[in-house]
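Given next are the chains, with one letter for each unit.
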Amino acid sequence: MHRPIAVVDAHEKNCLDLCSALERESYPTCSFNALTNLEATIEEDGCWLAILDLDSLPVDNFFFQKIKRKNPALIIIALSSRSYHPELEEAMSTHIYACLSKPVKEEELIFLIRSWGGR
């Protein structure tokens, strides 16, 4: 079994909808509504990719530095309705591999995942 993709969104419905879309493409997922749960999963090397909703989560540059120290190989995809995040400039340039506009286009997300070796 492949390691899952972590989906983190403070809104449970959004989280479950995205997990369902990924699971239809045969990607195992784990969903979280809080960042602390993601951090524990990363420490256990339980996921290879994390999708985070920047609009609903209290993230900053330090958070991304911390999780990348715990798992340097983790691929991070951010989701946001905003096109610019000046407060996350460092994270966007060094830790976040892609930031997709919301609502997420499933084809675009699946293309990115496949391009990183996700089958």
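All figures in this text were calculated on a predicted structure; none of them were measured in a lab.

Caption draft 1: Broad picture of the packing of helix H2 (residues 35-43) against helix H3 (residues 61-70). With their axes 9 Å apart at the nearest point, H2 and H3 run at an angle of 25 degrees to one another. Viewed along their axes, H2 and H3 adopt a mutual orientation that is roughly parallel. Taken as a pair, H2 and H3 cross one another with a handedness that is right-handed. Across from Leu 35, Leu 38, Glu 39, Ile 42 and Glu 43 in H2, the residues of H3 making contact are Phe 63, Lys 66, Ile 67 and Lys 70. The class makeup of the residues in the contact of H2 with H3 is five nonpolar, no polar and four charged.

Caption draft 2: Representation of H2. Inspection of H2 places Leu 35, Leu 38, Glu 39, Thr 41 and Ile 42 among the buried residues, and these make up the whole buried set. Take H2 and look down its axis: the buried residues cluster within an arc of 165 degrees, on one side only. More than 90 degrees from the buried face of H2, the exposed residues found are Thr 36 and Glu 43.

Caption draft 3: Structural context of the packing of helix H1 (residues 12-24) against helix H5 (residues 106-115). For the pair H1 and H5, the least separation of the axes is 11 Å and the interaxial angle reads 60 degrees. It follows from the interaxial angle that H1 and H5 lie oblique. Classified by chirality, the crossing of H5 by H1 is right-handed. Facing H1, whose interface residues are Leu 18, Ala 21, Leu 22 and Arg 24, H5 presents Glu 106, Leu 109, Ile 110 and Ile 113. In the contact of H1 with H5, the residues fall into six nonpolar, no polar and two charged.

Quick notes on the rules
Residues numbered from 1 in each chain as written. Predicted model: local features only at pLDDT ≥ 70, side-chain atom pairs only at ≥ 80, totals over all residues. Heavy atoms only, no water. Axes fitted to C-alpha atoms, helices over the stretch in contact; angles between N-to-C directions. Helix = DSSP H or I, 4+ residues; strand = E, 2+ residues; numbered from the N terminus. Parallel < 35°, antiparallel > 145°, perpendicular 65-115°, else oblique. Left-handed = near helix turned anticlockwise from the far one by under 90°. Contact = heavy atoms within 4.5 Å. Nonpolar A, V, L, I, M, F, W, Y, C, P; charged D, E, K, R; others polar. Buried < 20%, exposed > 50% of the residue type's maximum accessible area, 1.4 Å probe, protein only. Arc of directions from axis to C-beta.

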